[in-house]
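A structural walkthrough
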Amino acid sequence: MYRKFKADQVFTGYEFLPGDTVLITTPDGVIIDLVSKAAAGDGIESFEGILTPGFVNCHCHLELSHLKGVIHKRTGLIDFVFKIVTERDVEEEKIVAAIEAGEQQMLENGIVAVGDICNSGFTMAQKLGERIWYRNFIETSGFPPAIASQRFQRSKDIYDAYATVLPHNSIVPHAPYSVSPELFNLINNHPGSKQLTIHNQEISAENELFEKRQGDFLRMYEKMNIDISFFKASKRSSLQSFLPSLANATSLILVHNISTSGADIEFANAKFSSRGAKLFYCLCPNANLYIADTLPDVNQLIHRGCEIVLGTDSLASNDQLSILEEIKTLNGHFPEIGFDTLLGWATINGAKALGCEDIFGSFEKGKKPGVVLIEPGKGGNLHNAKAGRIL
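Scope of this entry: the structure provided in the associated data block. (Residues numbered from 1 in each chain as written. Predicted model: local features only at pLDDT ≥ 70, side-chain atom pairs only at ≥ 80, totals over all residues. Heavy atoms only, no water.)

1. Section: the side chain of Thr21
When you line up the elements, Thr21 lands in strand E4 (residues 21–25). A polar atom in the side chain of Thr21 sits 2.8 Å from the backbone oxygen of Pro18. (Helix = DSSP H or I, 4+ residues; strand = E, 2+ residues; numbered from the N terminus. Polar contact = N/O pair within 3.5 Å; in protein donor to acceptor, adjacent residues only side chain to side chain.)

Structure, rendered in structure tokens:
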């Protein structure tokens, strides 16, 4: 007994196939084959739109879902971060309910796998339902060197709690401006932290801090009463300052990349390719527009051969948790980028970045990637399209 799906187009994770292609799966979604309609036989389910593997969300903060609408748009990163720190602690019941609603929204939008940032155990119970595949990035931060051991131990306690019940976990750095060299060293040497992610160069002030010890981050430290008298400028960009500290990572997802230069990309790509490690650049365009009304130079990333993936960030910085909405935004600002390229970032590239490409990301025999239908909007307009799982 098989299920057979046909639509106007089929995207495999790598390419579009002819319109007469039929996707054949087991009843629970394991891929059997892709064949022509003539060879598929009876019982074909036909749809208008595009069939694609389930979407992969490489950067999300599910535990911040209760902050939807709390932080005003276009505050800039410094004030946004301050608001997150001061507004995130509310009643546990409210946090847990928002987490459940956030996961449901991702499911309804065709997301099958998520790289989720965790600063607490609040999302653990929801993830035990196994409705979505998660890689849990247990985030740690602490800029003053004196608190490195304390902060790392707190994150390790959370990591250990996740690891007792969920299989895919790492301790990861928050951002260059919030992690000391001492804390980077503890992360780098943690045996369970080989697959990492980090918020990278989200605003130009991040580079200004490391290059000159100047800029808006000094205001943030003052506002948060963080003494940075110890800090000396490296006279290099933030990326080039911290990346050598993660020499043991087997893969790294750099998130945001707003002020990442060509020299930074060449530096990072060379560092990782020289030892066979994997490097991915995650775009969260709707969050970038929400926080600071800016976008990264996507064409530069493409031109330099970067492996690009997509994320939604959190409902604190986004109106929805939808990879299709991220695709729409990129299409609107970079119409020269092919739709097949954008879908590849959302499927197979994302699966590779999270280390789950053996299951997700493409319609290949034996995989169970989920089947999503992108339904065309009025007049075939992508920006009115919607996506949802049909298997």
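So, next bit.
2. What to know about the layout of surface pockets
What the largest pocket holds in volume is close to 940 Å³. Mapped by element, the contributors of at least two residues to the lining of the largest pocket are helix H2 (77–87), strand E10 (133–140), helix H5 (148–163) and helix H8 (217–223). Counting residues per element, the lining of the largest pocket draws most heavily on H2, which supplies five residues. Residue composition of the lining of the largest pocket, by class: 17 nonpolar, 14 polar and eight charged. In this structure, the second largest pocket encloses a volume near 390 Å³. Considering the residues around the second largest pocket, the lining is formed by 20 residues, among which Glu130, Arg131, Ile132, Trp133 and Phe360 are closest to the centre. (1 Å grid on protein atoms, 1.4 Å probe; cavity = no way out; pocket = protein on both sides within 12 Å on 5 of 7 lines; lining within 4 Å. Points joined across faces, edges and corners; volume = space filled by probe spheres on them. Nonpolar A, V, L, I, M, F, W, Y, C, P; charged D, E, K, R; others polar.)

3. Some words on the sheet that holds strand E7 (residues 50–53)
Pairing is mixed in the open sheet, where five strands are placed in the order E3-E2-E7-E16-E17. Looking along the sheet, the strands with just one partner apiece sit at the ends: strand E3 (16–17) and strand E17 (386–389). As paired strands, strand E2 (residues 9–11) and E7 are joined by two bridges and run parallel to one another. Bridging across to E7, Val10 finds its partner in Leu51. (Pairing = 2+ DSSP bridges.)

4. A closer look at helix H14 (residues 339–354)
A rise of 1.5 Å per residue sets the reference length of H14, with its 16 residues, at 22 Å; its end C-alpha atoms lie 22 Å apart and thus fit the reference within 8%. Bending of H14 peaks at approximately 40° at the position of Trp345. Burial runs high along H14: 12 of the 16 residues are buried. Listed as buried for H14 are Leu342, Leu343, Gly344, Trp345, Ala346, Thr347, Ile348, Asn349, Gly350, Ala351, Ala353 and Leu354. (Expected span 1.5 Å × (residues − 1). Bend = angle between axes of the 7 residues up to and from the residue. Buried < 20%, exposed > 50% of the residue type's maximum accessible area, 1.4 Å probe, protein only.)

5. Considering the nonpolar core
Membership of the largest hydrophobic core comes to 86 residues, with the highest contact counts inside it found for Phe55, Met106, Leu252, Ile253, Trp345 and Leu354. With seven residues, H14 is the largest single contributor of residues to this core. Those residues in contact with Met106 that sit more than four places away from it in its chain are Asn57, Cys60, Leu62, Ile111, Val114, Ile132, Tyr134 and Leu321. With 23 residues, the next largest nonpolar core counts Val81, Ala175, Phe210 and Met220 among its residues. (Core = buried A, V, L, I, M, F, W, Y, C linked by side-chain atoms within 4.5 Å. Contact = heavy atoms within 4.5 Å.)

6. As for helix H11 (residues 285–292)
It helps to recall that an α-helix has 3.6 residues per turn; residues three or four apart then point in one direction. Within H11, six of the eight residues are buried, leaving the element largely enclosed by the surrounding structure. Restricting attention to buried positions, one finds in H11 the residues Pro285, Asn286, Ala287, Asn288, Tyr290 and Ile291. For H11, the elements touching its buried residues are H2, strand E13 (251–256), strand E14 (278–283) and helix H13 (323–333). Looking one or two residues beyond H11, the residue adopting positive phi is Asp293, at roughly 55°.

7. Description of the packing of H11 against H13
Taken N-terminus to C-terminus, the directions of H11 and H13 make an angle of 75°; their axes are 8 Å apart at the nearest point. The orientation of H11 relative to H13 falls into the category roughly perpendicular. Of H13, the residues touching H11 (which contributes Pro285, Asn286 and Leu289) are Glu325, Glu326, Thr329, Leu330 and His333. When its residues are assigned to classes, the contact of H11 with H13 shows three nonpolar, three polar and two charged. (Axes fitted to C-alpha atoms, helices over the stretch in contact; angles between N-to-C directions. Parallel < 35°, antiparallel > 145°, perpendicular 65-115°, else oblique.)

8. With respect to the side chain of Thr347
Looking at where Thr347 falls in the secondary structure, it is placed in helix H14. Judged by its relative accessible area of 0%, Thr347 is buried. Among the polar contacts made by the side chain of Thr347, one reaches the main-chain carbonyl oxygen of Leu343 at a distance of 2.7 Å. In this view, Thr347 contacts Phe11, Gly13, Thr52, Pro53, Gly54, Phe55, Val56 and Gly361; residues no more than four positions away in its chain are not counted.

9. Some details on the pairing of strand E12 (residues 195–200)
Judged by how many residues are buried, E12 sits mostly within the fold: five of six residues are covered. Sheet topology places E12 next to E13; six bridges connect them, and they run parallel. Looking across to E13, one finds that Leu196 is bridged to Leu252.

Everything listed here is a matter of geometry and, on its own, says nothing about what the molecule does.
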